[in-house]
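Geometric and topological summary
Single-letter residue listing:
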Amino acid sequence: MPSNLENSQRAKSCQMPIDNGLAPIKKTISTLIILITLIFLSYSNTFQSSWHLDDYINIVERSELHLNTLSLESIKKTFFQKKTTHDRLYRPIPCLSFGLNWYTSQQAVLSYHLVNISIHLLTAFTLFSVIRLLFKTPNLYLKYRSFGYSIALLSSVIWAIHPIQTQAITYIVQRMASMAALFYAVGLFFYLKGKFATVFNKKILFYTCCLLSYMLAIGSKENAIVFPLSLLLVDFVFFRDENLISKKLLYFLIFVLLTISFITIIYFYGVRRTDPITFLTKLYQIRPFSFFERMLTEPRVLIFYLSQIFYPVGSRLSIAHDFELSTSFLSPWTTLISIIIVFSLILFGVLGKKTYPILSFSILFYFLNHTIESSILPLELIFEHRNYLPSFFLFIPISLGLIKLLSRYNRSNKLIMYFLMVFGVVLVFSMGIGTYLRNDVWKDEKSLWNDALMKAPSSARPYIQLAYGHYSKIGDTKKTLELNQKAINLKMHSNTQMLKPWILLEVFITIPENLISLRKRGRMH
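All values derive from a computational prediction rather than experimental measurement.

**Regarding the overall build of the chain**
A tally of helices and strands in the chain yields 23 helices and zero strands. For the chain, restricting intrachain contacts to residue pairs at least 6 apart in sequence, the fraction spanning at least 24 positions comes to 74%. Carbon and sulfur atoms provide 68% of the accessible area of the chain, an area that totals close to 24,700 Å².

Now the structure itself:
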């Protein structure tokens, strides 16, 4: 076991790492240019993509969010959810940004998309900075110090232009998810800066910025509540020896648990104004699945997400999925297998911390940051944008493997080295092209839901959204009736939310109006 002196020397050597090659400022500028170019090219066909699904109820139809003046009272209203009583805070940070977008552009979507893409760019660059710092930690620096910049750049680029991120960026209302991830990444950055700081005042400054980032992340979306556990994970994997039990680590764990408990209490009793059991019971009453069914199904969903991440072809990406409910450990048969795989991966992450710290961290971070949206809460079973934050570090092991191979064959076999370089370039460009093609589907309601209908024909949602979101609006009553009838006749699948009364009501209210309008124009057959 390493002595305390050796540990101290290792930590000290990481506090002021030496950058080889380009000066740090040139590396930063180069990274920004690469990220800006690839991200804006991949999302260049989204600037006029229309409103979709929850965009309407959260932005377009939410009158208190529509800033017409920049008065304090108007800005305050954007922070609250209820349309009439304004009695509950609702993700105030992104809602304020939507209000400012409305102030400048109203319903014109261009500014909303530009803001979403800019947030994504900032998140990607912050992620790059976090990964660089991780490779300067005591457990990595001596082993990977010559690869840190290249691995950080490649993994953040793959993450940024991966097709699965389109739902979090092009779907305007999911700015809530991307802003939470941005502040989450900023918090990780400041935490690591605080760990490296040798001056007490700087430590206090960085940790204060970390805390503020955490508050902003929670103010963007509630899934950021597990952020302190991610800090604990960083500390456990990258700053601690396998056999070293630190009192500071124990105190930190207690502090983390108390912080999460305090925020949970404030959220339920101060914001939701109910107790957790009542809250969950009411939500499960409007879902077509039970608590037991959800807990059995979510491991399959998590494995499906991983398959999408590592095999992101367009035919496997959709805003709606036909996902069969698990009703027992063997129905369907993949349920038990998925549960075993999930627990095996988590166990590997814990036990492999010393031998495979990067792989261990990426696995544990992924599952940790799926705990809110993919566990006991009765949310809809599956949405791809939920991977935006959990997938932060999944591409580090791939990047590390590729760059280590390049370094090895640079000395021994130039032909293989050139092949690996071509493979890396093809990988990046295929991701960008896949994202561009996937974004094309988000052009309007018709293209999005026709795509979903082809991929999830047994789900009622695509039929409802096509009927209400497209055909009813253009006055095609016949098609509206046809699609709604198909939706009503379908047996609802587990991932499909029950038919919302407000959707059906609005659809059927518009039908008589459309019939009258069509008659007047002589278009009835």
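There is more to say after this.
**Re the packing of aromatic side chains**
Counted by the stated rule, this structure contains 27 aromatic pairs. On the basis of an interplanar angle of 80 degrees and a centroid distance of 6.5 Å, the ring pair of Phe292 and Phe329 is categorised as edge-to-face. Remark: Phe329 occurs in the loop between helix H15 (291-310) and helix H16 (334-351) and Phe292 occurs in helix H15; sequence separation between them is 37 residues. Residue classification places Phe292 among the partly exposed residues on the basis of a relative accessible area of 43%. Taken together, the aromatic side chains of Trp159, Tyr184, Tyr214, Phe227, Phe238, Phe361, Phe365, Tyr388, Phe392 and Phe393 make up a single cluster linked through ring pairs. Cation over ring: Lys353 sits above Phe236, and NZ or CZ is 5.1 Å from the ring centre. We note Lys479 situated over the ring of Tyr471; from NZ or CZ to the ring centre the distance is 5.9 Å.

**Digging into the nonpolar core**
Counting residues in hydrophobic clusters, the biggest one holds 93 residues, and the most contacted among them are Ile39, Leu188, Val234, Phe361, Phe365, Phe392 and Phe393. If sequence neighbours within four positions are ignored, Val234 has contacts with Leu134, Leu188, Tyr191, Leu192, Phe239 and Phe361. In this structure, Ile59, Phe98, Trp102 and Val173 belong to the second largest nonpolar core, which totals 34 residues.

**Looking at the packing of helix H6 (residues 110-134) against helix H8 (residues 148-160)**
At a minimum axis distance of 8 Å, the contact between H6 and H8 shows a crossing angle of 150 degrees. Taken together, the axis directions place H6 and H8 in an arrangement best described as roughly antiparallel. For H6 against H8, the interelement crossing comes out right-handed. Here His120, Thr123, Ala124, Leu127, Phe128, Ile131 and Arg132 of H6 lie close against H8, whose contacting residues are Tyr149, Ala152, Leu153, Ser155, Ser156, Trp159 and Ala160. Partitioning the contact of H6 with H8 into residue classes produces nine nonpolar, four polar and one charged.

**Quick word on the pattern of salt bridges**
Between side chains of opposite charge, a pair can form as their charged atoms come close. Taken as a whole and assessed by the stated rule, the structure comprises ten salt bridges. One salt bridge in this structure joins Lys486 and Glu482, with 3.5 Å as the shortest N-O distance. Of this pair, Lys486 and Glu482 both sit in helix H22 (residues 477-489), four residues apart, which is roughly one turn of that helix. Take Glu482: its relative accessible area is 32%, and that puts it in the partly exposed class. Connected through salt bridges with shared partners, the residues Arg438, Asp451 and Lys455 form a single ionic network.

**A few points about the environment of Ile416**
Along the chain, Ile416 falls in helix H19 (residues 414-441). Judged by relative accessible area, Ile416 falls into the partly exposed class, the value being 31%. Along the backbone, Ile416 and Leu406 are ten residues apart, and their C-alpha atoms lie at a distance of 8.2 Å.

**Some points on the environment of Ser362**
By the secondary structure assignment, Ser362 is in helix H17 (residues 357-368). Assessed through its relative accessible area of 2%, Ser362 is described here as buried. In sequence terms Ser362 and Ser391 are 29 residues apart; their C-alpha atoms lie 8.1 Å from each other. Discounting residues that sit within four places of it in the chain, Ser362 has contacts with Phe393, Leu394 and Pro397. From its side chain, Ser362 meets the backbone oxygen of Leu359 in a polar contact 2.9 Å long.

**Looking at a positive patch on the surface**
On the surface, a cluster of positive charge is contributed by Lys143, Lys404, Arg408 and Arg411. Of all the elements, helix H18 (residues 396-412) adds the most residues to the positive patch, at three residues. Its place among the elements puts Lys143 in helix H7 (residues 141-144).

**Some details on the environment of Ile131**
Within the element layout of this structure, Ile131 appears in helix H6. As for Ile131 and Leu153, which are separated by 22 residues in sequence, their C-alpha atoms are 8.6 Å apart. Apart from the residues within four sequence positions on either side, Ile131 is in contact with Ala152, Ser155, Phe393 and Ile396.

**Observations concerning the side chain of Thr46**
Relative to the helices and strands, Thr46 is located in the loop between helix H2 (24-42) and helix H3 (54-60). At 2.7 Å, the side chain of Thr46 forms a polar contact with the backbone oxygen of Tyr43. The residues contacting Thr46, other than those within four sequence positions of it, are His113, Ile117, Thr170 and Asn439.

**As for the packing of H15 against H16**
The geometry of a pair of packed helices is captured by two quantities: the angle between their axes and the separation between those axes. Interaxial distance between H15 and H16 falls to 8 Å at its minimum, and their mutual angle equals 70 degrees. Classified by the angle between their axes, H15 and H16 sit roughly perpendicular to one another. The two elements H15 and H16 meet at a crossing, and its hand is left-handed. In contact with Leu296, Pro299, Arg300, Ile303 and Leu306 of H15, H16 contributes Thr334, Thr335, Ser338, Ile339, Ile341, Val342 and Leu345.

Rules behind the numbers
Residues numbered from 1 in each chain as written. Predicted model: local features only at pLDDT ≥ 70, side-chain atom pairs only at ≥ 80, totals over all residues. Heavy atoms only, no water. Helix = DSSP H or I, 4+ residues; strand = E, 2+ residues; numbered from the N terminus. Contact = heavy atoms within 4.5 Å. Areas by Shrake-Rupley, 256 points an atom, 1.4 Å probe, with all protein chains shown as cover. Phe/Tyr/Trp six-rings, centres within 6.5 Å; stacked < 30°, edge-to-face > 60°. Buried < 20%, exposed > 50% of the residue type's maximum accessible area, 1.4 Å probe, protein only. Lys NZ or Arg CZ within 6 Å of the ring centre and 35° of its normal. Core = buried A, V, L, I, M, F, W, Y, C linked by side-chain atoms within 4.5 Å. Axes fitted to C-alpha atoms, helices over the stretch in contact; angles between N-to-C directions. Parallel < 35°, antiparallel > 145°, perpendicular 65-115°, else oblique. Left-handed = near helix turned anticlockwise from the far one by under 90°. Nonpolar A, V, L, I, M, F, W, Y, C, P; charged D, E, K, R; others polar. Salt bridge = Lys/Arg side-chain N within 4 Å of Asp/Glu carboxyl O. Polar contact = N/O pair within 3.5 Å; in protein donor to acceptor, adjacent residues only side chain to side chain. Patch = residues over 30% accessible without salt bridge, like charges linked within 9 Å, V, L, I, M, F, W, Y side chains within 5 Å. Lys, Arg positive; Asp, Glu negative; His and termini not counted. Charge placed at Lys NZ, Arg CZ, Asp CG, Glu CD.

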